[in-house]
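Structural features, examined
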Amino acid sequence: RRSRRLRQSDVWPSGYRGLAQQAPSRSVAATPAVKQQPAKMDKGKTLGGEQQKYRIRITLTSRNVANLEKVCTELKRSAQSRNLKVSGPVRLPTKVLRLTTRKSPCGEGTNTWDRFEMRIHKRVIDLHSPQEDVKQITSISIEPGVDVEVFFKE
């Protein structure tokens, strides 16, 4: 069987052909109002007595979940005590690194294998605060085996 190409007249009835090609008309009253964005501040400058707030992303990684959760709760508690906007900790997917090796050193005998794995857990905490407050917040005692990365955005 031969397939047949569809034409516009097959899909649209003849009365609709002109309507399909026309752009819809909009009245001035139907257009949404444009919101004006506030003026951006330069780094370090103050506006109205307030310091500029940065978006700060703290990334915590560890192999030990208990230590990681303890550091996350301490960070969040210290940020909330300073009345900062905090979101998180967001739990990212755990990376599982697997290594499979033969048990036998010489390669003879039954094929037996050792399967080792390392699980890496990751948490992300976002803060909105001045740069000076971040040093005070991150001055908490960090558990051994927990890596901390701090990123600043305007």
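In this report, the structure presented in the accompanying data block is examined. (Residues numbered from 1 in each chain as written. Predicted model: local features only at pLDDT ≥ 70, side-chain atom pairs only at ≥ 80, totals over all residues. Heavy atoms only, no water.)

Turning our eyes to something else, we now look at the environment of leucine 97. Topologically, leucine 97 is positioned in strand 4 (residues 85-102). Residues leucine 97 and phenylalanine 116, spaced 19 residues apart in sequence, show a C-alpha to C-alpha distance of 8.3 Å. In this structure leucine 97 touches Phe116, Glu117, Met118 and Ile120, once residues within four positions along its chain are discounted. (Helix = DSSP H or I, 4+ residues; strand = E, 2+ residues; numbered from the N terminus. Contact = heavy atoms within 4.5 Å.)

Quick look at the nonpolar core now. Within the largest apolar cluster, 17 residues are counted, with the highest numbers of intra-cluster contacts made by Leu60, Leu75, Ile125 and Leu127. Among the secondary structure elements, those contributing two or more residues to this core are strand 3 (54-62), helix 3 (65-81), strand 5 (113-129) and helix 4 (131-137). At five residues, the largest contribution of residues to this core is made by helix 3. Sequence-distant contacts of isoleucine 125, defined by excluding residues within four places in its chain, comprise Ile56, Arg57, Ile58, Leu60, Cys72, Leu75, Val86, Ser87 and Pro89. (Core = buried A, V, L, I, M, F, W, Y, C linked by side-chain atoms within 4.5 Å. Buried < 20%, exposed > 50% of the residue type's maximum accessible area, 1.4 Å probe, protein only.)

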